[in-house]
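Next come the chains, spelled out residue by residue.
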Amino acid sequence: MNWDDTTDTSDGERLVGASADGEDQAVEAALRPKDLGEFIGQEKVREQLDLVLRAARARGATADHVLLSGAPGLGKTTLSMIIAAEMGAPIRITSGPAIQHAGDLAAILSSLQEGEVFFLDEIHRMSRPAEEMLYMAMEDFRVDVIVGKGPGATAIPLELPPFTLVGATTRAGLLPPPLRDRFGFTAHMEFYEPAELERVVHRSASLLDVEIDPDGAAEIAGRSRGTPRIANRLLRRVRDYAQVKADGLITKDIAAAALAVYEVDARGLDRLDRGVLEALLKLFGGGPVGLSTLAVAVGEERETVEEVAEPFLVREGLLARTPRGRVATPAAWAHLGLTPPRSQATGNGQGNLFGA
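I will try to describe carefully the structure that is included in this document. (Residues numbered from 1 in each chain as written. Predicted model: local features only at pLDDT ≥ 70, side-chain atom pairs only at ≥ 80, totals over all residues. Heavy atoms only, no water.)

**Quick look at the nonpolar core**
If you look at the biggest cluster of nonpolar residues, it comprises 44 residues, and the most contacted ones within it are Leu 49, Leu 79, Ile 212, Ile 220 and Ile 250. Considering every element that reaches this core, the biggest residue donor is helix α10 (residues 228–245), with 7 residues. Ignoring any residue separated from it by four or fewer positions in sequence, one finds Ile 220 in contact with Val 201, Ile 212, Ala 231, Leu 234, Leu 235, Val 238, Ile 250 and Ala 255. Core analysis: the second largest hydrophobic core is formed by 24 residues, Met 133, Tyr 135, Leu 160 and Leu 175 among them. (Core = buried A, V, L, I, M, F, W, Y, C linked by side-chain atoms within 4.5 Å. Buried < 20%, exposed > 50% of the residue type's maximum accessible area, 1.4 Å probe, protein only. Helix = DSSP H or I, 4+ residues; strand = E, 2+ residues; numbered from the N terminus. Contact = heavy atoms within 4.5 Å.)

**A closer look at helix α5 (residues 102–110)**
Those residues of α5 lying buried are Leu 105, Ala 106, Ile 108 and Leu 109. Looking straight down α5, one finds its buried side chains confined to an arc of 165°; they lie on one side. (Arc of directions from axis to C-beta.)

**Re unusual backbone geometry**
Even without a glycine there, the phi angle at Asp 209 is positive, about 60°. Its location among the elements puts Asp 209 in the loop between α8 (194–207) and α9 (214–222). When its relative accessible area of 72% is taken as the criterion, Asp 209 is described as exposed. Even without glycine at this site, Arg 225 takes up a positive phi of about 60°.

**Remarks on a nonpolar patch on the surface**
The grouping of Val 145, Ile 156 and Leu 158 at the surface amounts to a nonpolar patch, some 200 Å² of accessible area in total. Tracing the backbone shows Leu 158 in strand β5 (residues 154–159). (Patch = residues over 30% accessible without salt bridge, like charges linked within 9 Å, V, L, I, M, F, W, Y side chains within 5 Å. Areas by Shrake-Rupley, 256 points an atom, 1.4 Å probe, with all protein chains shown as cover. Salt bridge = Lys/Arg side-chain N within 4 Å of Asp/Glu carboxyl O.)

Purely geometric stuff here, so don't read any function into it on its own.
Next up, the structure:
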């Protein structure tokens, strides 16, 4: 039940993509937990954030600025809404790409109410002038509005009511240190364990009025790539299959059959993921092969392979990026049921990259 947005549109078209389209966003609104007690997973982050919010309420003050980082779909947007709910404050939501000029940010900041939560998604994509204005707003609750141009320009200070900025980013390394240092609390969202995703699936199934047994929930959770958003999307597709092909109850066999129709295998790989692995193994003997060559072999853009398919394959230990190119691991050969070349099987050639 914990989700986020990303800007990669090609990823959003995939059943196992972590970005949210219009349908996902509508469903997420109904499934999102309302407080920290309902939020599943991210135990350390929840415990730390709970202390920050309780202390702020005890002091009668606004909460410190919060920075949430992590992959799409893990719950950054959900946590921002929970922060506002826990503080009894309204929330204003926008994104970094929407703030192209300092004036855009000044207009938002000047209209905030005291104690309001300002959620800024993809904060690393904000324009530099707006970013520099945000420094002063976060630290001093003040912005300087420039009136006029050239030598006659005048800076008019504008006082702001105390507010809490919640920044979310999928690429924390792109944030400049001066901006990171102004956040009082920073948290990194981790991928979910299968047991946690099973709880997510059960809770979502209950809210969607879907019948599911423990084995069915485990099957969906195991193919969800450690991401609650994907787990919820797979649950909805399996629900459709169960209603049409069965009696509506989701069992392990029904879940496996449904996800086979949607080409999501037991490890959560879809058509694109397997296409990359099959090209690497069957056409190039496991590599090394250059990214551009691999993308041509798959029939996809270079950026699609690099930014959409590769991160999960690398995280799963199925593919490695080396100075000489992309290389398949022994686990990739095993997953596709293929026999590696003699050079890899005996530990010669590229096999020594993995200690084989």
